[in-house]
Amino acid sequence: MSSYTAHFKVWRGDADGGGLQDFQVEVNDGEVVLDIIHRLQATQASDLAVRWNCKAGKCGSCSAEVNGHPRLMCMTRMSVFRRDETVTVTPMRTFPVIRDLVTDVSFNYTKAREVPAFVPPKGVAAGEYRMAQQDVERSQEFRKCIECFLCQNTCHVVRDHEENKEAFAGPRFLMRIAELDMHPLDAAEETGLNRAASAQEDHGLGYCNITKCCTDVCPENIHITDNALIPLKERAVDRKYDPLVWLGSKIRRRGQ
Amino acid sequence: MTNVERHAYDVVVVGAGGAGLRAAIEARERGMRTAVICKSLFGKAHTVMAEGGIAASMGNANEHDNWQVHFRDTMRGGKFLNHWRMAELHAKEAPDRVWELETWGALFDRTADGRISQRNFGGHEYPRLAHVGDRTGLELIRTLQQKIVSLQQEDHAETGDYEARLKVFQECTVTRILKDRDRVAGVFGYVRESGRLFVIDAPAVVLATGGIGKSFKVTSNSWEYTGDGHALALLAGAPLINMEFIQFHPTGMVWPPSVKGILVTESVRGDGGVLRNSEGERFMFGYVPDVFKEKYAQSEEEADGWYTDPDTHRRPPELLPRDEVARAINSEVKAGRGTPHGGVFLDVSTRLSAEEIKRRLPSMHHQFKELADVDITAEAMEVGPTCHYMMGGVDVEPDTAAARGVPGLFAAGEVAGGMHGSNRLGGNSLSDLLVFGRRAGLFAAEYAAGLGPDSRASATAEQVDAAAAEVLRPFGAAEGAGTGSGGDGSGAAAENPYTLHQELQQVMNDLVGIIRRGPEMEQAMERLTGLRERSRQVGVEGHRQFNPGWHLAMDLRNMLLVSECVARAALERTESRGGHTRDDHPDMDRLWRKVNLVCELAAEPPAEDAGAPAVTLRRRPMDPIRPDLLALFERDELLKYLTDEELDA
Ligand SMILES: Cc1cc2nc3c(=O)[nH]c(=O)nc-3n(C[C@H](O)[C@H](O)[C@H](O)COP(=O)(O)OP(=O)(O)OC[C@H]3O[C@@H](n4cnc5c(N)ncnc54)[C@H](O)[C@@H]3O)c2cc1C
Ligand code: SF4
Ligand code: SF4
Ligand code: FES
């Protein structure tokens, strides 16, 4: 096994400000950036703040920016860097810093709450749900989301425009709307909720100009833009401007 | 009194994994104002990492399955040390708990006729595990999380406040259960982000804090698994049982070193993966124990036939319960037939096409590619045992999940003991979380409602002050060290919490690990006492805001306490059973089956000595198994586990 000493720059500070701090630190075969942060905690900076849980890309806790790229620290191998390369680790930029690499991600929990929940179909008892695999697959892709919030951090609509945070749910939660909209048994329509139209009107889908930056950073490789956002936009447009669809949905609802 | 935030709720749930969230949903639906507290962000609890599936005898894949078969498998897996009533409730209620998730929006993989698909797993007679690829835990926790959000949306529509009846306090750590005489009065803790201290007054507290794996060096568990709930219960006066039984999962990653211990799901074997040693031999055929001889294939041919025709073939020995497979791998490596990195080979590439593997095991494919440069669709993985699951836990009433001896305290999920006996079957944890999470929430709600507002008490100022002093002490130790007097006034230099933690992990791994010996465990007891002494001098740098060194210093108390329970109980039980293997007592002993080892706190020490509580151990006879449940087994099989007198009684 071979080890070497790497040069790290880690952002340290809190809401009142801070800056990059230099470290020389040992790196061993097969290690990831999160291992190095842990080594710093154990040997040089015991109070260095960082979030993590699974260390296997499953929980979405360890999001940060490594050399400016939004990444999971536990899935970023040290072998992708040259040995003489300085590795710079900074907190996600879109969310307010709490301390060091830990940011205040409450924005995301607020947005999650604003998306109306799954509406179970009336008259179908638990145990009686029947759905074909091919029909659940589209929503299943979106349910792979580990809520790392890297897409939320990356989307320029909020990354560079604090003022848009109020009106824009962000890719993760627009995708949640798409997921429910594509759920084979969701009965929102029967309660008078048109999910696609509401994405447009209430959750800021219109701000998205399909740059796909969210898709690029998703560690689960979910095709957020192509499979969720674009179809949602199409449906929103259809539902809004197609009077027949509108009429049809009214009649169907009245018949129930 | 120390400056603390103070809240009041009807029911407090400590833990936001599957068990905690299910309990909170139930308590809130029963009309209780409910608080959930968790150490991580909402949605990140350990449950999110569960991979393979959730066991429930829905009979979708094989119509012969039913609760009786599931019950039998569970008792066999636990070598009959399970509390039979818990195993019965679990087997009966699991299907309803899974179906209920669908009404909350869960999307499981489907069968051809549109029902929930079920896969094979070790120890389960029929395909029984509902799953979503190999990310079932994520689906479970997200569904429960979204159900909580939907309840909050209802409350918002009604009151204008999302948190009117159900609030999640995320990134908060509970350090003490508060009491009013013998009864629960609330919890004490700190906010990780700010370091502020808080009290929640509540007559009913549900512990759902998960396991203890972080006391071991090689583990599949995350930093959260420091045995907090186990320790909180002990400190509150509740007993723990079965603490000697720890499940070492047979297949953890062994290379590279930084990922050693990370889990490789059992679904790999359930879906056809085979184990081979460095000589290419499929060695599991040599390790089928007598009690399971009739149920497992004797040849490769028979085993391979089972995947397509399970009715006329017996199952492959790779699908023995986990304790058996873990010991077999351990023996192969010890005998010099291990892989270059000290494991054995697990290969699924010869059974399934690359496409099938990517569809059925996507996160394993991803994990090996990203972390180990191994393509599991083309080559074998290297795997070895890793500390995975704690069978032991809070001694609860089977029906109500109430902790014995402390009114108002409940426990569910991995922190509760009894359900799994000496060894848990894969998939039986996620179902356990839902079945007993719901029951804990239900009975906590009933208990709280039954008390009425007048008979509620809150903890005394002295209790709160003592809890605060305990939490703040490591800062004093760090300062004290500089001026020549330690936190306890003894003048010793401050100890680094990371160093103590590493030493503890080494001790448990080496001396109380997968294969145990009397003298080594005696040595472990001594080392643990030494670590406990030193932990009193633990000191931390910096301030209280999101300070991981401080957080670890707090968790150390719990890990040390729980490790002592494990070592003491393991030393006492002079037999081998399930997750407890004694090199010096290799056989299973029917007399020991009738005995639970119960751990209790010796005597509550004063707050200044809170680093050093000690544990006592006593033997308690098991409740005799109900006759109609015994009748589900053949007498010949029962004789392997139960004494003749028990059977003839
Ligand atoms: C990698 C892996 C894969 C697994 N796969 C499967 C599987 O396929 N099928 C299966 O059935 N089982 C599986 N298991 C086991 C199963 O996932 C766990 O046993 C189960 O999720 C535990 O759930 P829980 O609700 O008891 O606790 P957890 O989900 O661990 O939640 C514990 C909660 O308690 C909180 N907490 C702890 N201490 C405190 C404190 N002091 N103060 C406040 N909050 C606290 C934590 O923050 C967390 O929210 C797997 C386990 C692992 C590690
Ligand atoms: S595609 Fe839309 S949501 Fe995604 S980053 Fe671009 S603007 Fe944001
Ligand atoms: S969609 Fe992808 S990037 Fe966005 S939160 Fe989910 S996992 Fe992370
Ligand atoms: S620690 Fe869980 S995703 Fe990185």
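It should be emphasised that the depicted structure is a prediction, and the values quoted were computed from it without experimental measurement.

K.L.:
Explain the site of ligand 3 to me, please; I cannot follow it from the model alone.
P.N.:
Near ligand 3 you find A:Cys145, A:Ile146, A:Glu147, A:Cys148, A:Phe149, A:Cys151, A:Arg172, A:Met175, A:Cys218, A:Pro219 and A:Ile224, and these make up its full shell. When its residues are assigned to classes, the shell around ligand 3 shows nine nonpolar, no polar and two charged.

K.L.:
Got a minute to help me understand the sheet that holds strand β15 (residues 344–347) of chain B in this structure?
P.N.:
Sheet strands line up and pair through hydrogen bonds in the backbone, either parallel or antiparallel. All names here are of chain B. Pairing within the open sheet is antiparallel, and its four strands lie in the order β13-β16-β15-β14. At either end of the open sheet lies a strand with only one pairing partner, and these are β13 (246–253) and β14 (274–276). Adjacent strand axes in the sheet meet at a mean angle of 45° when their direction is disregarded. As paired elements, β15 and strand β16 (residues 381–390) share three bridges and run antiparallel to each other. The residue bridging valine 344 from the neighbouring strand is valine 383, located in β16.

K.L.:
Would you mind going over the nonpolar core with me for this structure?
P.N.:
Nonpolar side chains in soluble globular proteins generally cluster together in the buried interior. The biggest cluster of nonpolar side chains holds 262 residues, and the ones touching the most others in it are A:Phe8, A:Ile37, A:Met73, B:Val12, B:Phe188 and B:Leu409. With 13 residues, the single largest contributor to this core is helix α15 (residues 548–572) of chain B. Of the residues that make up this core, three or more belong to each of domain 1 (3–103) and domain 2 (106–247) of chain A. Aside from chain neighbours lying at most four places away, what touches A:Met73 is A:Val32, A:Val33, A:Leu34, A:Ile37, A:Val50, A:Cys62, A:Ala64, A:Val66, A:Val89 and A:Leu101. Listed in part, the five residues of the second largest apolar core include B:Leu81, B:Tyr389, B:Met391 and B:Met622.

K.L.:
Help me understand the environment of B:Thr265, please; the structure alone is not making it clear to me.
P.N.:
As for its position among the elements, B:Thr265 is in the loop between β13 and α6 (267–270). Ignoring any residue separated from it by four or fewer positions in sequence, one finds B:Thr265 in contact with B:Glu51, B:Gly52, B:Phe121, B:Asp134, B:Leu361 and B:Met364.

K.L.:
Looking at this model, I keep getting lost on the site of ligand 1. Mind explaining?
P.N.:
Residue and element names in this part refer to chain B. In the vicinity of ligand 1 lie 40 residues, with Thr47, Glu224, Tyr225, Asp228 and Glu414 positioned nearest. In isolation ligand 1 has 1,000 Å² of accessible area, and contact with the protein removes 99% of it. Residue assignment for the shell around ligand 1 shows that the elements contributing at least two residues are α1 (18–29), β3 (34–38), β8 (172–180), β16 and α11 (428–451). The element contributing the most residues to the shell around ligand 1 is α11, with four residues.

Procedures and definitions
- Residues numbered from 1 in each chain as written.
- Chains lettered and ligands numbered in written order.
- Predicted model: local features only at pLDDT ≥ 70, side-chain atom pairs only at ≥ 80, totals over all residues.
- Heavy atoms only, no water.
- Near = heavy atom within 4 Å.
- Nonpolar A, V, L, I, M, F, W, Y, C, P; charged D, E, K, R; others polar.
- Pairing = 2+ DSSP bridges.
- Helix = DSSP H or I, 4+ residues; strand = E, 2+ residues; numbered from the N terminus.
- Axes fitted to C-alpha atoms, helices over the stretch in contact; angles between N-to-C directions.
- Core = buried A, V, L, I, M, F, W, Y, C linked by side-chain atoms within 4.5 Å.
- Buried < 20%, exposed > 50% of the residue type's maximum accessible area, 1.4 Å probe, protein only.
- Domains from an automatic or database assignment.
- Contact = heavy atoms within 4.5 Å.
- Areas by Shrake-Rupley, 256 points an atom, 1.4 Å probe, with all protein chains shown as cover.

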